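Examination of the molecular architecture
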Amino acid sequence: MNLTFLGTGAGRPSLQRNVTSMVLDLTQERHEMWLFDCGEATGHQIQRLQQQESNNNVQLPGITLPKISKIFITHLHGDHIFGLFGFLTSRSMSGCQKPLTLYGPKGIRKILETVIEISESFMLFPFEIMELTPNSDPSQPFTVFEDDTITVTAIELQHRVQSFAYRIEEHHPHRDGKTVVIFGDTYPCDNAITIAKDADFMVHETTYAAEFEELALQRAHSTTVQTATTAHTANVGKLYMTHISSRYYNQALQQQLIDECRSIFPNSHLAHDLLRVEI
């Protein structure tokens, strides 16, 4: 199992970072790949990754549109969904007929159906949209997907629109499975600790340095210190920071983010575009 960050920026694309998208590679476990969020130009990022890996003679299974069988959307802000329309139509135009299931907050169906209808686009593959339905008790995770080898649960976070974190848990009988938690945008909240508890690997937005705590509150985002505190309190194994503001455009500024997180949670890492990490 590995995770590839296709976009790690916040709000809008920059020359350093595209907007949010990542692929969980389950090829060894399930012969499929899952996409989490789909900011604009996600398709281009996949092509750039393919070219980079070809140039470096990388032997790992490459990410392609047909290999992605599920898409999980954390929330409906544009920097997390504006690449969906191109992704879906490109997948269709490639001739792919493999089924695809999309999970996301209420409203994602209306958005996609409207765009597909007005643009007269079409899907050549079986395509199912599953809108998330939280528990009556919002403090408890709810099941999104489950089969014999893996369970995906979700919980609502604290953001300006409905936003979710996804917890992906393996449960193979003959070995310890891995647990990965992927967060949507959020301000610190109890639910974040609940969903991340004892996870091996946590991906969490870290939009601002600690000095911008007031701005983070206004925009319902997280700072370095807040993200690292969540990781520490939840007792996760490893933290990867993403959704980075474009103000942190050079190495010195990015090192500030790393240092602030590691002062609280030493096993903190800053993601960058096209980074692939083993879980």
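What you see is a predicted model; the values in this text were computed from it and never measured. (Residues numbered from 1 in each chain as written. Predicted model: local features only at pLDDT ≥ 70, side-chain atom pairs only at ≥ 80, totals over all residues. Heavy atoms only, no water.)

Here we take up the sheet that holds strand S4 (residues 68–72). Spatial ordering of the open sheet is given by S6-S5-S4-S3-S2-S1-S14, a layout of seven strands whose pairing is mixed. What marks the edges here is a single partner per strand, and that holds for strand S6 (127–131) and strand S14 (275–278). With strand direction ignored, the average angle separating the axes of adjacent strands in the sheet is 20 degrees. Along the sheet, helix H5 (residues 108–118) makes contact with strand S5 (100–104) and S6, crossing S6 at roughly 145 degrees. (Pairing = 2+ DSSP bridges. Helix = DSSP H or I, 4+ residues; strand = E, 2+ residues; numbered from the N terminus. Axes fitted to C-alpha atoms, helices over the stretch in contact; angles between N-to-C directions. Contact = heavy atoms within 4.5 Å.)

This brings us to the nonpolar core. Among the nonpolar cores identified, the biggest contains 29 residues, and Leu3, Trp34, Tyr166 and Ile168 are the most heavily contacted of them. Among the nonpolar cores identified, the runner-up in size contains 28 residues, and Met202, Ala216, Ala234 and Val236 belong to it. (Core = buried A, V, L, I, M, F, W, Y, C linked by side-chain atoms within 4.5 Å. Buried < 20%, exposed > 50% of the residue type's maximum accessible area, 1.4 Å probe, protein only.)

Let's shift gears to empty space enclosed by the protein. For the structure on display, the rule yields two cavities of 30 Å³ or more. For the largest cavity, the calculated volume is near 40 Å³. Taken together, Thr20, Met22, His80, Phe183, Asp185, His204, Glu205, Thr242 and His243 make up the lining of the largest cavity. Classifying every residue of the lining of the largest cavity gives two nonpolar, five polar and two charged. In this structure, the second largest cavity encloses a volume near 30 Å³. Of the residues assigned to the lining of the second largest cavity, the class counts are two nonpolar, four polar and one charged. (1 Å grid on protein atoms, 1.4 Å probe; cavity = no way out; pocket = protein on both sides within 12 Å on 5 of 7 lines; lining within 4 Å. Points joined across faces, edges and corners; volume = space filled by probe spheres on them. Nonpolar A, V, L, I, M, F, W, Y, C, P; charged D, E, K, R; others polar.)

Following the UniProt record, the feature "binding site: Zn(2+) 2" (unreviewed entry) maps to Asp79, His80, Asp185 and His243 here. In sequence the annotated residues extend across 165 residues, while in space they remain close, none of their C-alpha pairs exceeding 10.7 Å. Of the annotated positions mentioned, His80, Asp185 and His243 line the largest cavity. The residue Asp185 is located in the loop between strand S10 (179–183) and helix H6 (190–196) in this model. In this structure Asp185 comes out as buried when scored by relative accessible area, which is 2%. Here Asp185 is in contact with His75, His80, Leu157, Gln158, His159, Ser163, Glu205, Ala220, His221 and His243, once residues within four sequence places are set aside. Mapped onto the secondary structure, His243 falls in the loop between strand S12 (238–242) and helix H9 (251–262). (UniProt positions renumbered as here; feature names shortened; annotations may be inferred.)

Moving on, we come to helix H2 (residues 42–55). Over its 14 residues, H2 runs 20 Å from end to end, which matches the ideal 20 Å to within 8%, given 1.5 Å per residue. Looking only at H2, the buried set comprises Thr42, Gln45, Ile46, Leu49 and Glu53. Buried residues in H2, looked at end-on, bunch into an arc of 100 degrees, giving them a common side. Residues of H2 that are exposed and angled more than 90 degrees away from the buried face: Gln47, Gln51, Ser54 and Asn55. On the buried face of H2, the contacting elements are strand S1 (2–7), strand S2 (21–25), strand S3 (33–38), S4, helix H4 (84–93) and S14. Once H2 finishes, Asn57 follows within two positions and takes phi at roughly 55 degrees, a positive value. (Expected span 1.5 Å × (residues − 1). Arc of directions from axis to C-beta.)

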